[in-house]
Amino acid sequence: MSEFKIGVFCNGGTHVTEVLAAARQKYPHANLCAILPPSFELTPNRADGVDRIVRTDRDNYTVRDVKAGIRLIRQIRKERFDLFVVLFDSMQLNVLGGLSGARSVECWDNANVIHRLPRSPEGVVRRLLVRRLKGFMRWCFLELLMWVTQKKGPDLRRKEDSFMESSFLEDDPSKY
Amino acid sequence: MRIAFADLVFAWPPTGGAQADLYHVIAGLQNAGYETKLFAASYDFLWRFGSFEPEALPFPSMRLEFNSKDFVPKEIVGRFRKAIDAWQPDVVFVGFGRTLKPYLLDALSGYPLISRYYMYEHLCLRDFCLFYDGKLCPNDVFHTPEACRLCMWQTWKNETRIGRLTPYSDEYHRARAYAPGYMNFFVSTIKKVRTLIVNNELAQRRAQAVCQDVRIIPGGVELQHYNHVGWARQDDSARKKVILMSGRADDPRKGLYVLLQAAGGLARTRRDFEVWVTFPGRLKTPSWLKNIGFVPHREVSKIYAEADICVVPSVWEEPFGLVALEAMAAGVPVCASRCGGLATIVEHGVTGFLFQPGNSVELALYLNRLLDDAELRHNMGLAGRNRVETQYTWDSIVSKYYVPLMEEFEA
C-alpha cells in the first residue's frame, strides 16, 4: 500500500506552525510535504514533523502571469497528493485546490477548524458562484435598507478633530 | 460573594490579550476568596475563537456549545441566561463580546453588572480601534450613532457582496448591527451597566457620557516568563546594540515608518546599532535593519533578551500597550509614543522616554541618548522591571483594583 501524501500550501499564514503540527498529529504515518514560497523559511520548531519541502518559483502569483500559475499547478499535480491543505478559504486557494489533482482538498483555518473544499474545477466554480450570489443578494438588501433608513444630515461627524487626544494631555518641557 | 463571568470569545490557550486578562482576573479573584465561575461560548466555526477545555482551567467553568446555525442573539441570550440564573450569582462580569455583547448585557441586566472593554469596543464597533483615515476618529457610538452605523456598513459591505465573511463581519450580520435601532439598543445596554472598566483615559472620558462609574484598570504581565531574561545585562561595547520593535509591525497604526525614519537618520552618524522588527511579510532592509518575522507570543521573551532598547512608535491611541509592559518586565528601556495607555505605562525619564506620536526627530534624539549611555539603559531597564514588579503583576492588579471593586459591590 502506498504512503498517504499530504501537501500543505504555506502561503504566509501565521498559523502555519499549528497547522503543520496538527497535520502531523492527525496523520502520524503520512508523508507530510510543506509547499513554500522561496522567501519563506520554516524555523526549526515549525519544521518539526515535516518530511519534505517543495519550493515554488515565486512568492506571489498573479492572474496576468498565467505561465507561472500553470507551472505551479503542474508542480503540485506532479506530487499526486492524497490530501491538499490550504490555509485560507479564498477564491485563489479554492481554485488552486480544485486544480491540484489531490483526492481531497481541505482548508485549515486553524488547527481545529477544517472546511472541506471541492476537489474538481466544476465543484470550485459551483461553490464560488453560490457564495457570490448569496453575498450579492444580501448586499442588495442591506444597501436598500441603509438607503431607506439613513438619517439625512449635513454632517454626521463631530466637530472636534484632534490628531491625538491624550498626546496633548501632558506636555513635558524637559523632553528637548 | 459569587461572581459569574460571561464571555463570548474566550479561548484557552489564549489567542489574544483579552482572554489572558479575563483568565488572570478570574483566577486572582478566586485566590482572594471569591466564588467565581466562567460561562463562555464555545464554537468552532469562527476563526480562532471560542475554544477551551474546562478541565484545563484552574477555576470552575461552563462551556456553552454553539454551532453556526444557533450562534444568534436569541439563542445566546437564552442559554447564558438559563445557565447564569441556575448558578445565582451576586455580580455578573461581562468580558469580551464585540457586536453581540449588547444582547448579553441586556439579558443579564437584572444582576449588578460589570462590563470590561479591552480595546475601544464600547466606542467604535467597526473594528474597535477608533482609528479612521490615519488618525483618531472624532466619532463614537455615544455621540454620533448614525455615522458609526454607516461607517460599519461601509467597512463590511465588500465582504458581504463577495460572500466571504470574516469573524468580525460574520458577527456584524449575526448581531444585525446594520439595523436602524441597533445603536440605540447598544447605548441603552451600556447605561444598564453599573461599572465600566476600560484601559485608558480617552476611553474613560468618552464613556462618561453614558455611564457614571467608568474605571481605568490596566492589564498585567506574567512576570515568570521574563525571569530568565538578562534584565541586568552587562554592556558589551563591541556588540551592536539592538533596537527592537516587537508586536504587529505590519499594522500601519503601529508606526513602523516613524522608527525607520528615526533610525535612518541615526544611521548617517553611527553604525553601532541594529533595528530588529517583527514584520510578518517581506521588507526591504538596509544594512542596519533586520526583519525577524512573525514571532509567536510564547517566544517573545527570548527576543527581549537580545534587545537593548524597545521602541513602541504607535500613531494611534494604543488602548493599553502590552508590548511596552513586556519590554519593561524584561528590563529593557522603552521609547514609546505619548498616547493612549502607553503614556501611563512608561514613566518619562525613568523607565524610558515618551515622544510625540509620529515625531521621528524626537525619537531619534532619545535613541541617540540611550545608545550613547550604557548606564542610563541599565538604570532605566532596572526601573522598568521594578515598576512592573510593583504595579503590573497580575497579583498586584487584582488586589489593587478588582478586590476593592468587589468589596464595593458586596457593601
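How each quantity is defined
- Residues numbered from 1 in each chain as written.
- Chains lettered and ligands numbered in written order.
- Predicted model: local features only at pLDDT ≥ 70, side-chain atom pairs only at ≥ 80, totals over all residues.
- Heavy atoms only, no water.
- Pairing = 2+ DSSP bridges.
- Helix = DSSP H or I, 4+ residues; strand = E, 2+ residues; numbered from the N terminus.
- Axes fitted to C-alpha atoms, helices over the stretch in contact; angles between N-to-C directions.
- Parallel < 35°, antiparallel > 145°, perpendicular 65-115°, else oblique.
- Left-handed = near helix turned anticlockwise from the far one by under 90°.
- Contact = heavy atoms within 4.5 Å.
- Nonpolar A, V, L, I, M, F, W, Y, C, P; charged D, E, K, R; others polar.
- pLDDT = per-residue confidence, 0-100.
- 1 Å grid on protein atoms, 1.4 Å probe; cavity = no way out; pocket = protein on both sides within 12 Å on 5 of 7 lines; lining within 4 Å.
- Points joined across faces, edges and corners; volume = space filled by probe spheres on them.
- Domains from an automatic or database assignment.
- Salt bridge = Lys/Arg side-chain N within 4 Å of Asp/Glu carboxyl O.
- Polar contact = N/O pair within 3.5 Å; in protein donor to acceptor, adjacent residues only side chain to side chain.
- Core = buried A, V, L, I, M, F, W, Y, C linked by side-chain atoms within 4.5 Å.
- Buried < 20%, exposed > 50% of the residue type's maximum accessible area, 1.4 Å probe, protein only.
- Right-handed = clockwise from strand over helix to strand, strands pointing away.

Details of the sheet that holds strand 1 (residues 2-7) of chain B
Residues and elements named next belong to chain B.
In step 1: Judged by pairing direction, the sheet is parallel, and its seven strands sit side by side in the order 3-2-1-4-5-8-9 without closing on themselves. Two strands in the sheet have a free side with no partner beyond their single neighbour: strand 3 (61-65) and strand 9 (214-216). Put simply, the sheet's adjacent strands are angled 20° from each other on average, direction ignored.
In step 2: Strand direction decides the pairing type here: strand 2 (residues 35-42) and strand 3, joined by five bridges, are parallel. The partner of phenylalanine 39 across the bridge, within strand 3, is methionine 62.

Description of the packing of helix 4 (residues 91-99) of chain A against helix 5 (residues 121-149) of chain A
All names here are of chain A.
In step 1: Across the interface, helix 4 lies against helix 5 with an axial gap of 8 Å and an inter-helix angle of 160°. Here helix 4 is positioned roughly antiparallel relative to helix 5, judged by the angle of their axes. The two elements helix 4 and helix 5 cross, and the hand of that crossing is right-handed. Here Met91, Asn94, Val95, Gly98 and Leu99 of helix 4 lie close against helix 5, whose contacting residues are Pro121, Val124, Arg127, Leu128 and Arg131.
In step 2: Residue composition of the contact of helix 4 with helix 5, by class: six nonpolar, two polar and two charged.

What to know about the confidence of the model for chain A
Any residue range with low pLDDT should be treated as having predicted coordinates unsuitable for detailed reading.
All names here are of chain A.
In step 1: Model confidence for chain A is summarised by a mean pLDDT of 80, while 78% of its residues fall at 70 or above.
In step 2: The model gives residues 159-164 a pLDDT under 50, and that stretch makes 16 contacts with residues more than four places away or in other chains.
In step 3: Across residues 166-176, where pLDDT falls below 50, the model places 21 contacts with residues more than four positions away in sequence or in other chains.

Quick word on empty space enclosed by the protein
A water-sized probe rolled over the atoms picks out the places where empty space is left.
In step 1: Per the counting criterion, the structure on display carries two cavities of 30 Å³ or more.
In step 2: A volume near 50 Å³ is recorded for the largest cavity.
In step 3: Counting residues per element, the lining of the largest cavity draws most heavily on helix 5 (residues 167-174) of chain B, which supplies three residues.
In step 4: By residue class, the composition of the lining of the largest cavity is five nonpolar, one polar and three charged.
In step 5: Within this model, the second largest cavity holds a volume of roughly 40 Å³.
In step 6: Looking at the second largest cavity, the residues that line it are Lys151(A), Pro145(B), Glu146(B), Pro180(B), Met183(B) and Asn184(B).
In step 7: Residues belonging to the lining of the second largest cavity are distributed by class as follows: three nonpolar, one polar and two charged.

Concerning the side chain of Ser100(A)
In step 1: With respect to the helices and strands, the residue Ser100(A) is situated in the loop between helix 4 and strand 5 (104-108).
In step 2: Apart from the residues within four sequence positions on either side, Ser100(A) is in contact with Ile76(A), Arg77(A), Phe84(A) and Val105(A).

Regarding the domain arrangement of chain B
Residue and element names in this part refer to chain B.
In step 1: Taken domain by domain, chain B consists of domain 1 (2-220 + 394-410) and domain 2 (223-391).
In step 2: Put simply, the middle of domain 1 and the middle of domain 2, counted by C-alpha atoms, are 31 Å apart.
In step 3: Contacts between domain 1 and domain 2 engage 15 residues on the former and 13 residues on the latter.
In step 4: Where domain 1 packs against domain 2, one counts zero salt bridges.
In step 5: Our enumeration of links across domain 1 and domain 2 arrives at three residue pairs in polar contact (both at pLDDT 80 or more).
In step 6: In the side of domain 1 that touches domain 2, the residues fall into nine nonpolar, five polar and one charged.

Some remarks on the nonpolar core
In step 1: Core analysis: the largest hydrophobic core is formed by 156 residues, its most contacted members being Leu29(B), Phe80(B), Phe93(B) and Cys335(B).
In step 2: It is helix 14 (residues 394-410) of chain B that provides the largest number of residues to this core, a total of eight residues.
In step 3: Counting contributing residues, this core receives three or more from each of domain 1 (2-220 + 394-410) and domain 2 (223-391) of chain B.
In step 4: Beyond its immediate sequence surroundings of up to four residues, Cys335(B) is in contact with Ile309(B), Cys310(B), Val311(B), Val312(B), Phe353(B), Phe355(B), Leu363(B), Tyr366(B), Leu367(B) and Leu370(B).
In step 5: Formed by 19 residues, the second largest nonpolar core is a distinct cluster that contains Val8(A), Val16(A), Val50(A) and Trp108(A).

Brief notes about the pairing of strand 5 of chain A
Residue and element names in this part refer to chain A.
In step 1: Counting buried positions along strand 5 gives five out of five residues, so the element sits mostly inside the fold.
In step 2: Side chains Ser104, Glu106 and Trp108 project from strand 5 onto one buried face, and the interleaved Val105 and Cys107 project onto a second face that is buried too.
In step 3: In terms of strand pairing, strand 4 (residues 83-86) meets strand 5 through four bridges, oriented parallel. Of the residues in strand 5, the one forming a bridge with valine 85 is glutamate 106.
In step 4: Regarding the hand of the β-α-β motif, the stretch spanning strand 4, helix 4 and strand 5 is right-handed.
In step 5: With four bridges joining them, strand 5 and strand 6 (residues 114-117) adopt antiparallel strand pairing. Note on strand 6: the bridge partner recorded for valine 105 is leucine 117.

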